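Okay, here's what each chain looks like letter by letter:
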Amino acid sequence: MISGDICGDSAMKGELLLLSSMIFLLQGARGCPENCQCHSSSSFVDCSQRGLAEIPADLPAPTLWLNLQDNQIRQIPAFAFRSVPQLMTLNLANNSLSHLSPAAFQGLQHLQVLNLTQNSLFSLDNTIFHSLPGLRELDLSSNSISHLPTSLSEDWENLTVFAVQHNRLQHLDRALLESMPSVKLLYLKDNIWKCNCHLLRLKLWLEKFIYKGGVTDGIVCRSPDPWKGEKLLAIPHELYQPCLLPSPDAAPSWAQQPGSAHRGALKPTESHGSECELKPKPRPANLRHAIATVVITGVVCGIMCLMMLAAAIYGCAYAAITARYQGRPLAPNHEPGKTEGKELFDSSPA
Ligand SMILES: *[C@@H]1O[C@H](CO)[C@@H](O)[C@H](O)[C@H]1NC(C)=O
Ligand SMILES: *[C@@H]1O[C@H](CO)[C@@H](O)[C@H](O)[C@H]1NC(C)=O
Ligand SMILES: *[C@@H]1O[C@H](CO)[C@@H](O)[C@H](O)[C@H]1NC(C)=O
């Protein structure tokens, strides 16, 4: 726009041509869009809180950091950032974005941080982030997203922060999280999570994620009724319903769940089945066995101890009684007899 005005001026007044083109050149060299602030040789471009309705067209090519926060930008057309291929951080927080062209971020090979929080997005094209393989932080929080595709990128090897809290998600396919092998921070709260059987795979994934040191603000169930207000991670596996298997062969044997033989047969063939199956079940059984063994051993030992004690008491008592009965009639009878005999014998010659 500025260049247009300048061109008009220069056409009208010839003597201003030199000055105008000098200003134009200066601006070109500085390369800062109208109303924005540029720092450090245009690497940092701050266009926040300018009432912008669209992406500024004349962004300087060396831009690494672009702040468009707190504007009223409604949409991002295809190749909107074509002029800033070095961009590493793009902040579009608190705008009015409801639609992103599938090619909106095309060409941003080096983008590491993309902030789309506080917008009006309700869905995402599943190819929209394909052009951002080096992304490290993606903030999609505080939108109206009700569905996320199974895959947003082929493999986000460097993505460490993924934020989708405060949206309208009922379900999240764990395949999406599996495409982020480095993710460390996961914001999921304040969605309308439906904790039916389909969320079990996500629950298992999250347990492993936390075990490996990942941090998440967790999932609080909104439905169905038994789990309303409950934390998904706190629901015991035993109470959580696994899904029926979609495979026609496996489904009938799945229906007769108590048969552990069927379960064992299922495991190697159907990985889905083994995953949905309540893994920790064998553990309580083992624990019960252990407890039973300890109790039985204790009882048996106790009985044996009591028996030995009884035997000892009986033995002592018997010994005492026999000693008493043997001692009494013999000792007094003998001695007087002996002494009497002795006395008689002694007294007879006397
Ligand atoms: C969002 O941006 C508007 C200006 O467009 C501003 O008035 C408002 O305070 C911002 N909201 C937040 C939460 O920062
Ligand atoms: C995105 O921007 C918001 C608002 O400035 C900020 O609170 C949030 O931390 C940012 N997200 C990331 C991943 O940097
Ligand atoms: C991930 O980060 C490493 C180290 O910074 C870098 O070498 C690699 O190119 C990044 N991967 C992608 C796909 O950008």
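What comes next concerns the included structure. (Residues numbered from 1 in each chain as written. Chains lettered and ligands numbered in written order. Predicted model: local features only at pLDDT ≥ 70, side-chain atom pairs only at ≥ 80, totals over all residues. Heavy atoms only, no water.)

### Regarding the nonpolar core
Alright, step 1. With 63 residues, the main nonpolar core has Phe81, Leu90, Leu92, Phe105, Phe129 and Phe162 as its most contacted residues.
Alright, step 2. The element that contributes the greatest number of residues to this core is helix H4 (residues 200-211), accounting for 6 residues.
Alright, step 3. Those residues in contact with Phe162 that sit more than four places away from it in its chain are Leu138, Leu140, Leu148, Leu152, Leu176, Leu177, Met180, Val183, Leu185, Leu186 and Tyr187. (Core = buried A, V, L, I, M, F, W, Y, C linked by side-chain atoms within 4.5 Å. Buried < 20%, exposed > 50% of the residue type's maximum accessible area, 1.4 Å probe, protein only. Helix = DSSP H or I, 4+ residues; strand = E, 2+ residues; numbered from the N terminus. Contact = heavy atoms within 4.5 Å.)

### Quick notes on the site of ligand 3
Alright, step 1. In the vicinity of ligand 3, the contacting residues are Pro133, Gly134, Arg136, Glu157 and Asn158.
Alright, step 2. Contacts to ligand 3 include Arg136, whose side-chain N or O atom sits 3.1 Å from an oxygen atom.
Alright, step 3. Between Asn158 and ligand 3, the recorded distance is 2.4 Å, taken from a side-chain N or O atom to an oxygen atom.
Alright, step 4. Calculation on ligand 3 without its partners gives an accessible area of 360 Å², and the protein chains cover 41% of this total.
Alright, step 5. In terms of residue class, the shell around ligand 3 is built from 1 nonpolar, 2 polar and 2 charged. (Near = heavy atom within 4 Å. Polar contact = N/O pair within 3.5 Å; in protein donor to acceptor, adjacent residues only side chain to side chain. Areas by Shrake-Rupley, 256 points an atom, 1.4 Å probe, with all protein chains shown as cover. Nonpolar A, V, L, I, M, F, W, Y, C, P; charged D, E, K, R; others polar.)

### Thoughts on the site of ligand 1
Alright, step 1. Near ligand 1 the following residues occur: Asp70, Asn71, Gln72, Asn94 and Gln118.
Alright, step 2. Here an oxygen atom of ligand 1 and a side-chain polar atom of Gln72 are 2.8 Å apart.
Alright, step 3. Residue Asn94 places a side-chain N or O atom 2.2 Å away from an oxygen atom belonging to ligand 1.
Alright, step 4. With the chains in place, 42% of the 360 Å² that ligand 1 exposes on its own is no longer accessible.
Alright, step 5. Per-class residue counts for the shell around ligand 1 are no nonpolar, 4 polar and 1 charged.

### Quick look at the sheet that holds strand E8 (residues 137-139)
Alright, step 1. As summarised here, the arrangement of the 9 strands in space is E1-E2-E3-E5-E7-E8-E9-E10-E11, forming an open sheet in which the pairing is mixed. The outermost strands of the open sheet, each flanked by one partner alone, are strand E1 (37-39) and strand E11 (215-216).
Alright, step 2. Where strand E3 (residues 65-67) and strand E5 (residues 89-91) come together, 3 bridges link them in parallel fashion. In the sheet register, Asn67 faces E5, and the bridge partner there is Asn91.
Alright, step 3. Against the sheet, H4 contacts strand E10 (185-187) and E11, and its axis sits at roughly 140 degrees relative to E10. (Pairing = 2+ DSSP bridges. Axes fitted to C-alpha atoms, helices over the stretch in contact; angles between N-to-C directions.)

### A closer look at the state of the cysteines
Alright, step 1. Within this structure, the stated rule accounts for 3 disulfides.
Alright, step 2. Here Cys32 engages in a disulfide with Cys38; their sulfurs sit 1.9 Å apart. Because the sign of the S-S torsion sets the handedness, a value of about 90 degrees for the bond joining Cys32 and Cys38 places this disulfide among the right-handed ones.
Alright, step 3. Take Cys38: its relative accessible area is 23%, and that puts it in the partly exposed class. (Disulfide = S-S within 2.5 Å.)

### Here we look at the packing of aromatic side chains
Aromatic ring pairs are described here by two measures, namely the spacing of the ring centres and the angle between the planes.
Alright, step 1. Applying the stated criterion to the full structure yields 5 aromatic pairs.
Alright, step 2. Consider the rings of Phe129 and Trp156, whose centres lie 5.9 Å apart with planes at 50 degrees: the pair is tilted. Note that Phe129 is positioned in the loop between strand E7 (113-115) and E8 and Trp156 in the loop between E8 and strand E9 (161-163), a separation of 27 residues in sequence. With respect to burial, Phe129 and Trp156 carry one shared label: buried.
Alright, step 3. What links up through ring pairs into an aromatic cluster is the set Phe81, Phe105, Phe129 and Trp156. (Phe/Tyr/Trp six-rings, centres within 6.5 Å; stacked < 30°, edge-to-face > 60°.)

### A short note on unusual backbone geometry
Alright, step 1. The peptide bond linking Ser223 to Pro224 adopts the cis configuration, its omega dihedral lying at -10 degrees.
Alright, step 2. As for its placement among the helices and strands, Pro224 is situated in the loop between E11 and helix H5 (250-255).
Alright, step 3. With a phi close to 55 degrees, Phe79 is a non-glycine residue in the positive phi region.
Alright, step 4. Turning to its location among the elements, Phe79 is positioned in the loop between strand E4 (75-76) and E5.
Alright, step 5. With a phi close to 55 degrees, Gln118 is a non-glycine residue in the positive phi region.

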